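Residues per chain, in single letters:
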2 protein chains.
Amino acid sequence: MEKFAYPPNVLSQACPSRRALEIIADKWSALVIYLLARGTFRHGQMLREIDGITEKMLTQTLRKLEESGLAQRKVYPVVPPKVEYSLTPLGETLIGPLGSLCEWAQDHMNDVAEASENPAS
Amino acid sequence: MEKFAYPPNVLSQACPSRRALEIIADKWSALVIYLLARGTFRHGQMLREIDGITEKMLTQTLRKLEESGLAQRKVYPVVPPKVEYSLTPLGETLIGPLGSLCEWAQDHMNDVAEASENPAS
């Protein structure tokens, strides 16, 4: 694969880092990775843990994360098949950055809600 | 405003932290905040710096960040009016988390591109 020698720059649309950012700078991707940081989950468990996600959105998000090398699924040859999802080593490098983002949301949720209710004049 | 006493939990759809996450876990919000971390910008400058953003998307993103208390605009009463955008103190608390996300994209862009080109069998 062609490697890019020029300095990576997420502000440039042609830079592969822009595509990498698009994959992760997304609410559902952030929540799925935030959950998988805790361990291995089945599809049905994730559906229950991530309140509000639809089955379709979860499937799409997991496929996107798999295709980008961030999550992996393991199929156990039992009847009915058991499928488990977890982070890859590459996906684990995101635990810090996406964890900070989710923690920011939890730490500042009242400030954001207050600003939304009291728009600056 | 009502404050929420239960532990914040971004996995819960009803928790205000979910709304806060939705605002920032977005490609264009991340790039706008990443740029504003460097200082004060005019609309036209931002349009040039953030490669690929449309005028409409930039306007929408800035409005969303303003309404959430993360960015502010200052209008100078000159002809033609001069308008400048910058982060609020609340927005500045995002420089770390969103900077990490953009840096992650730049540091791991080749891994992501490689995984996308060589899907696991």
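Scope of this entry: the structure provided in the associated data block. (Residues numbered from 1 in each chain as written. Chains lettered and ligands numbered in written order. Predicted model: local features only at pLDDT ≥ 70, side-chain atom pairs only at ≥ 80, totals over all residues. Heavy atoms only, no water.)

Before going further, it helps to spend a moment on the sheet that holds strand S3 (residues 82–87) of chain A. What holds strands together in a sheet is hydrogen bonding between their backbones, with the strands either parallel or antiparallel. All names here are of chain A. Strand order in the open sheet made by the three strands is S1-S3-S2, with antiparallel pairing throughout. Edge positions in the sheet fall to strand S1 (41–42) and strand S2 (71–76), since each has one partner strand and no second. The sheet contact formed by S2 and S3 spans six bridges and is antiparallel. Its bridge partner lying in S3, alanine 71 is registered against leucine 87. (Pairing = 2+ DSSP bridges. Helix = DSSP H or I, 4+ residues; strand = E, 2+ residues; numbered from the N terminus.)

The next thing to look at is the packing of helix H2 (residues 27–36) of chain B against helix H6 (residues 95–117) of chain B. Residues and elements named next belong to chain B. Following both chains from N to C, one finds H2 and H6 inclined at 105 degrees, their axes separated by 9 Å at the closest point. Overall, the two elements H2 and H6 adopt an arrangement that is roughly perpendicular. Between H2 and H6, the contacting residues are Ser29, Ala30, Ile33 and Tyr34 on the first element and Leu98, Gly99, Cys102 and Gln106 on the second. For the contact of H2 with H6, a count of residues per class yields five nonpolar, three polar and no charged. (Axes fitted to C-alpha atoms, helices over the stretch in contact; angles between N-to-C directions. Parallel < 35°, antiparallel > 145°, perpendicular 65-115°, else oblique. Contact = heavy atoms within 4.5 Å. Nonpolar A, V, L, I, M, F, W, Y, C, P; charged D, E, K, R; others polar.)

At an RMSD of 0.0 Å, chain A and chain B line up after a rotation of 180 degrees and a shift of 0.0 Å along the axis. Given the turn and translation reported, the copies of this chain are related as if by a two-fold rotation axis. Comparing contact sets, 100% of the residues at the interface of chain A also lie at the interface in chain B, consistent with an isologous, same-surface contact. (Least-squares fit on C-alpha atoms with pLDDT ≥ 70 in both.)

Judged by pairing direction, the sheet is antiparallel, and its three strands sit side by side in the order S1-S3-S2 (chain B) without closing on themselves. A strand with exactly one partner marks an edge of an open sheet, and here the two such strands are strand S1 (41–42) and strand S2 (71–76) of chain B.

A separate point is the packing of helix H6 (residues 95–117) of chain A against helix H1 (residues 16–24) of chain B. For any two helices packed against each other, one specifies the inter-axial angle together with the distance between the axes. Contact geometry of H6 of chain A with H1 of chain B gives a least axis separation of 7 Å together with a crossing angle of 110 degrees. With respect to their mutual orientation, H6 of chain A and H1 of chain B come out roughly perpendicular. Both H6 of chain A and H1 of chain B take part in a crossing whose hand is right-handed. In this structure, H6 of chain A uses Leu101, Cys102, Trp104, Ala105, Gln106, Met109 and Val112 of chain A to contact H1 of chain B, whose residues at the interface are Pro16, Ser17, Ala20, Leu21, Ile23 and Ile24 of chain B. Looking at the contact of H6 of chain A with H1 of chain B, its residues break down into eleven nonpolar, two polar and no charged. (Left-handed = near helix turned anticlockwise from the far one by under 90°.)

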